[in-house]
Each structure stands twice: as structure tokens, then as C-alpha cells.
There are 2 protein chains.
Amino acid sequence: MKRHTKIDKLPTVRRLPGYLSILQKLSATGEMFVSSSKLAEKMGIIPILVRKDIELIQVSGTPRIGYPIKLLIERIENYLGWGASLDAVLIGAGQLGSSILANRELNTLGLRIAAGFDNDSRKMKTSVHGVPIYDSARLEELLKTMHIGLAILCVPAVYAQNVTDILVASGVKGIWNFTSARLSVPEDVITQKEDLTPGYAVLSAKLTRLQTSACR
Amino acid sequence: MKRHTKIDKLPTVRRLPGYLSILQKLSATGEMFVSSSKLAEKMGIIPILVRKDIELIQVSGTPRIGYPIKLLIERIENYLGWGASLDAVLIGAGQLGSSILANRELNTLGLRIAAGFDNDSRKMKTSVHGVPIYDSARLEELLKTMHIGLAILCVPAVYAQNVTDILVASGVKGIWNFTSARLSVPEDVITQKEDLTPGYAVLSAKLTRLQTSACR
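Owing to the predicted nature of the structure, the values given are computational and were not obtained by experimental measurement.

Novice: Pulling in residues and values, what's your account of the overall build of chain A?
Specialist: Helix and strand counts for chain A stand at 10 helices and nine strands. Burial statistics for chain A: of 216 residues in total, 46% are counted as buried. The long-range share in chain A, meaning contacts at least 24 apart out of those at least 6 apart in sequence, stands at 55%. A total of about 11,200 Å² of accessible surface is found on chain A, and carbon and sulfur atoms cover 51% of it. Positive and negative side-chain charges of chain A, numbering 27 and 19 respectively, have mean locations separated by a distance of 7 Å.

Given below as C-alpha cells:
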């Protein structure tokens, strides 16, 4: 099962939302075609990388004309499954969870957060950014009545595996992990770990090199 | 100037914090050496990739013994400049900004957020997670009195370039961009854009493939 869900071109897949955003803006201004050099400039990468990225979604360009914008958009959305909407629950409606509930960009990409769960009694029976918040104790019960494709995990790290076990037992196949915990899941469950340290590492490495070159 | 701050092995640099966290835990249990296969298992990647990653920080392993853990930690911290602390300001103390102020992990990596700025009068003169919040109108004035290496940008996208121009004019050399705006900066200023869509794209692509393989 695992081999079907392995993504080989991870950096390319990570860049697809960036392309999509640029292409949608170009399309809105009435443009029909775009060159790899224009895409490269807007993405801040080199043209050869753009051409390699576009190989993944199998669109051919025409010399001196470029790539057809509408087809690029269609293929990216198909590749990512962003044509249909994805129903999700969010567990842990603290600072981080609330900022995800407030994120409209994910909404425009088809993510629909149907419910939030928290064990803080002040938050239960309220709604945060339009999403109703339920008692975490009711997670298992309520998941049975919902058709949920994705769980967004924003609980403190110590609870992460425990909540994950409940999610997996309830048939949830995708877990977006915003905790610092590394989760154990069966082979047919997909997890994606999100944290700020990789971006902070890149930034730190660049700042360190900038200082070094300034001191030369 | 730009060529000195170009990072070639971006995926490797993004993985360094993961290695660091694993190595620190191993070191705390008294381990002295670690094999690439053990690191690979804990990172969830293949051993050859671990060996390539370690080439970047120039540590040699010994056959059947492994890599010296303390040296790996030292080299990673040096590479990322995480030995010294980095003073930062945060602009925009809304939901997202507050969740970053609440993030203790960045703190343990040397990031010290000295001040926050917001244009909401209810937030000024308060402190959020121990960080004092000032009026955004005072940004330029207060930056002159501080030695700030990094600005964390969490304002609405429409204000992003405007605030960036103030930061650049005040001599800030690093901007961590949490807005959806693409920023224009001079060549000697480093920006790192952070958003949830690349991770969401990877997750969506994997979920789409999982469904496809389940339907076969």
C-alpha cells in the first residue's frame, strides 16, 4: 500500500500551489499562454527547474508561445485532487488551531473544516471562525456520523499519539500533524508533519552566510 | 552578494533540525555514536540520503561504529548559526502571530522575540506570551534602539510590502514572511516565505493516490 502513496518529486509537489496561484492570477488578466522564463521569474527559481516541474503534470509547451495556462491549472488541480472538497476536523483549538481555523487560503483550496474539538470547557459549544467546537471526549462518537478525510492535529505533543490512535480506529486516513510528536500509524494512513523548524533552519543558514560574507 | 547566501542543498538544510532533535535525545541517553541506518529509521528516510545529508556538515563516520553524536550536533549548530541567539521582532500579533509567540520550540533554538507590534489599540501596552506589544506606528523609531537580526511578518498581506520597506530602511537583514505576499527586497536582505499550502499539497497528492490505489 505504502508504495502507491510515495511521492517522488516532493520539492516539485511543494511548489505546485505557488504555480497555481501565479497561473490563476495570469488567467484572470486574460492571458492564455505563459513561458517557463516568466514562471521562473515569478517563482524565484531557474527556468530549467520550471520545465522539470511541469514534466510532472505532463503539459507540453510550444516554442515561442509557451504553456497553455488553463491546461496547467487543470493538471495541477487534478494532480493534487483539489477539484473536489476535502472534509476535515481539527483537534485542539488553542492559539495554533485557531490560526488554522482563521486561514481562508486553505478554504479556497477546497479544505472544509467541519468541526473542531477541544478539552477546554470554555471553548465547547462555541464556534471559532465559524467552526463549531465540541468536547474532545465526543471525538470517537462524532467521527462515526461524519465522513472525514483529514484530521488536523493541534493538541499538545503529549496527547498526540493517543488522539491519533482514536482517529485511526475511526477510519481517518489522513493526519496533518502540527505537533512536535512523531506519530505511529498503520501503513494505509498518511501523515504530514508541519513545523516551523525547517524554514527557520533555512533562514538561519542564509543569515549566517550573509554575516560571513559581509565580514570578509 | 546574493551568491554567498544561496543555499544549494535546501532539502538537506530543511532536515537538519530533525537530525538535531534526534541527536540531542540520543546524546541525553548517553549514546556516543549513531549509524546512518538508525538515523534513517528515525527520520523516515533511506540511509543513503542520511549519508549525503551528513556530507554537507562534513562529519566522517567509522565503519561498524557510526558517526560521533556530539560532533554531529556541533556541526549542525555551527552550520545553522544556532550557537548564538538571534534577536527578532514580530509584526502583527493576531491569531497567527500569537501562535508564533507561544511557540517554545523556536525559543530553544536561540530565537528571542524581543518585541511585538500591532495596530490594534487593545493589544498595545499588553504582553502576549511574555512579549511586550507596541503600536505599529512606533516600529521605525523603536527599531533604531534595538539590534534586530530578524523580523517575523504576520500582518495582513496588503500591508506586507509597506512594512517590509520600513524594515529594510531600518537595516533589518532577515524577514520571515508568514503573509501570502511575495516581497520585493534588496539583494542583501534575506526573506523566507512560510505558508501551509506546500504541506497541504503534499498531503492532498498522497491522499489522492491512496484513494486511487484503494479503488483499483
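Next, the rest of the story.
Novice: Mind laying out the relation of the copies chain A and chain B, listing which residues take part and the relevant values?
Specialist: In summary, the two copies of the chain are related to each other by a rotation about an axis coupled with a shift along it. Overlaying chain A with chain B gives an RMSD of 0.0 Å, the required rotation being 180° about an axis along which the chain moves by 0.0 Å. Taken together, the rotation angle and the small translation identify this as a two-fold axis. Of the interface residues in chain A, 100% have counterparts in chain B that sit at the interface too, so the contact is made through matching surfaces.

Novice: Give me the lowdown on helix H5 (residues 69-80) of chain A, citing residues and values where you can.
Specialist: Residues and elements named next belong to chain A. The end-to-end C-alpha separation of H5 is 17 Å, in line with the 16 Å expected for 12 residues at 1.5 Å each. All buried positions along H5 are accounted for by Ile69, Leu72, Ile73, Ile76, Tyr79 and Leu80. The arc that holds the buried residues of H5, viewed along the axis, is 135°, so those residues lie on one side. Turned more than 90 degrees away from the buried face of H5, the exposed residues are Lys70 and Asn78. Note on H5: the residue one or two positions beyond its end, Gly81, has a positive phi of about 65°.

Novice: Quick rundown of the confidence of the model for chain A? Include the residues and the values.
Specialist: A residue-level look at chain A finds 95% of positions with pLDDT of 70 or above and a mean pLDDT of 90. Of the two predicted TM-score estimates for the complex, the pTM is 0.82 and the ipTM is 0.87.

Novice: Describe the interface of chain A and chain B, with residues and values.
Specialist: Of the residues lining the interface, 62 residues belong to chain A; the matching set on chain B comes to 62 residues. When the two sides are added together, the surface that chain A and chain B hide from each other amounts to roughly 5,500 Å², 70% of it contributed by carbon and sulfur. Counting the contacts that link chain A with chain B gives zero salt bridges. There are 10 residue pairs in polar contact (both at pLDDT 80 or more) connecting chain A and chain B.

Novice: Can you tell me about the packing of helix H2 (residues 10-28) of chain B against helix H4 (residues 47-56) of chain B, naming the residues and giving the values?
Specialist: Residue and element names in this part refer to chain B. Relative orientation of the contacting elements H2 and H4 amounts to 100°, with a least axis distance of 10 Å. As judged from the angle between their axes, H2 and H4 are roughly perpendicular. The segment H2 lies against H4, with Thr12, Val13, Arg15 and Tyr19 engaging Leu49, Val50, Asp53 and Leu56. Looking at the contact of H2 with H4 residue by residue, the class counts come to five nonpolar, one polar and two charged.

Novice: If you had to explain the packing of helix H3 (residues 36-43) of chain B against H4 of chain B to someone new, which residues and values would you point to?
Specialist: All names here are of chain B. The geometry of H3 relative to H4 is characterised by a closest axis approach of 8 Å and an angle of 105° between their N-to-C directions. Comparing their axes, H4 and H3 come out roughly perpendicular. Residues Ser36, Ser37, Leu39 and Ala40 of H3 lie in contact with H4, whose contacting residues are Pro47, Val50, Arg51 and Ile54. Taken together, the residues of the contact of H3 with H4 break down into five nonpolar, two polar and one charged.

Novice: Outline the sheet that holds strand E4 (residues 111-118) of chain B, supporting the account with residue identities and numerical values.
Specialist: Residues and elements named next belong to chain B. Taken in spatial order, the seven strands of this open sheet run E5-E6-E4-E3-E7-E8-E9, and their pairing is mixed. The open sheet has two edge strands with one neighbour each: strand E5 (127-128) and strand E9 (190-193). Two strands pair when backbone bridges link them, and E5 and strand E6 (residues 131-135) are joined in this way by two bridges, in the antiparallel orientation. By the bridge assignment for E6, Val128 is matched with Val131. Relative to the sheet, helix H9 (residues 157-169) contacts strand E3 (86-91), strand E7 (150-153) and strand E8 (174-177), its axis offset from that of E7 by approximately 170°.

Novice: Summarise the sheet that holds strand E3 (residues 86-91) of chain A; cite the residues concerned and give the values.
Specialist: Residue and element names in this part refer to chain A. Overall, mixed pairing links the seven strands, which are arranged E5-E6-E4-E3-E7-E8-E9 in an open sheet. Each having just a single partner strand, strand E5 (127-128) and strand E9 (190-193) make up the two edges of the open sheet. Most of the contacts of helix H9 (residues 157-169) go to strand E7 (residues 150-153), to which it runs at about 170°, and overall it touches E3, E7 and strand E8 (174-177).

Novice: Could you give an account of unusual backbone geometry, naming the residues involved and the relevant values?
Specialist: Most of the time, phi is negative for any residue but glycine, and the peptide bond is trans. Even without being a glycine, Gln58 of chain A presents a positive backbone phi close to 55°. Mapped onto the fold, Gln58 of chain A is located in the loop between helix H4 (47-56) and strand E2 (67-68). Although it is not a glycine, His129 of chain B sits at a positive phi angle of roughly 50°. By the element assignment, His129 of chain B lies in the loop between E5 and E6.

Conventions and cut-offs
In this convention, every chain numbers its residues from 1, walking through the sequence in written order. As a convention, the first chain written is A and the first ligand written is 1, with the rest following in written order. Local features are withheld for residues below a pLDDT of 70 in this predicted model, meaning they are given only at 70 or higher, and side-chain atom pairs are given and counted only at 80 or more; totals for whole chains, interfaces and linings count all residues. Here the side-chain values reflect all heavy atoms present in the structure, with hydrogen atoms and water set aside. In this description a helix means any DSSP run of H or I spanning at least four residues, a strand means any run of E spanning at least two, and both kinds are numbered starting from the N terminus. When a residue's accessible area, from a 1.4 Å probe over protein chains only, is under 20% of the maximum for its type it is buried; when over 50% it is exposed; and in between it is partly exposed. Only heavy atoms enter the contact rule, under which two residues are in contact if any of them lie within 4.5 Å. Areas reported here follow the Shrake-Rupley algorithm with a probe of radius 1.4 Å; residue values treat only the protein chains shown as occluding. We score Asp and Glu as negative and Lys and Arg as positive, and we do not count His or the chain ends. Charge positions come from single atoms, namely NZ of Lys, CZ of Arg, CG of Asp or CD of Glu. The least-squares superposition of copies is restricted to C-alpha atoms, and to residues with a pLDDT of at least 70 in both copies. Here the expected span of a helix is defined as 1.5 Å times the quantity of residues minus one. An arc is given here, and it is the one of the directions from the helix axis to the C-beta atoms. Values of pLDDT, which run from 0 to 100, indicate the predictor's confidence residue by residue. As used here, buried area is the combined drop in accessible area, with a 1.4 Å probe, of two parts when they are placed together. A side-chain nitrogen of Lys or Arg and a carboxyl oxygen of Asp or Glu constitute a salt bridge if their distance falls within 4 Å. In the analysis that follows, any N or O atom pair within 3.5 Å is treated as a polar contact, provided that within protein one partner can donate a hydrogen and the other can accept it, and provided that, for residues neighboring in sequence, both atoms belong to side chains. Axis lines are fitted through C-alpha atoms, for helices just across the contact stretch, and the angle between N-to-C directions can take any value from 0 to 180 degrees. Small angles under 35 degrees read as roughly parallel and large ones over 145 as roughly antiparallel, with 65 to 115 read as roughly perpendicular and the rest as oblique. Each residue is assigned to one class: nonpolar for Ala, Val, Leu, Ile, Met, Phe, Trp, Tyr, Cys and Pro, charged for Asp, Glu, Lys and Arg, and polar for all the others, Gly among them. DSSP bridges decide pairing: two strands pair if at least two such bridges lie between them.

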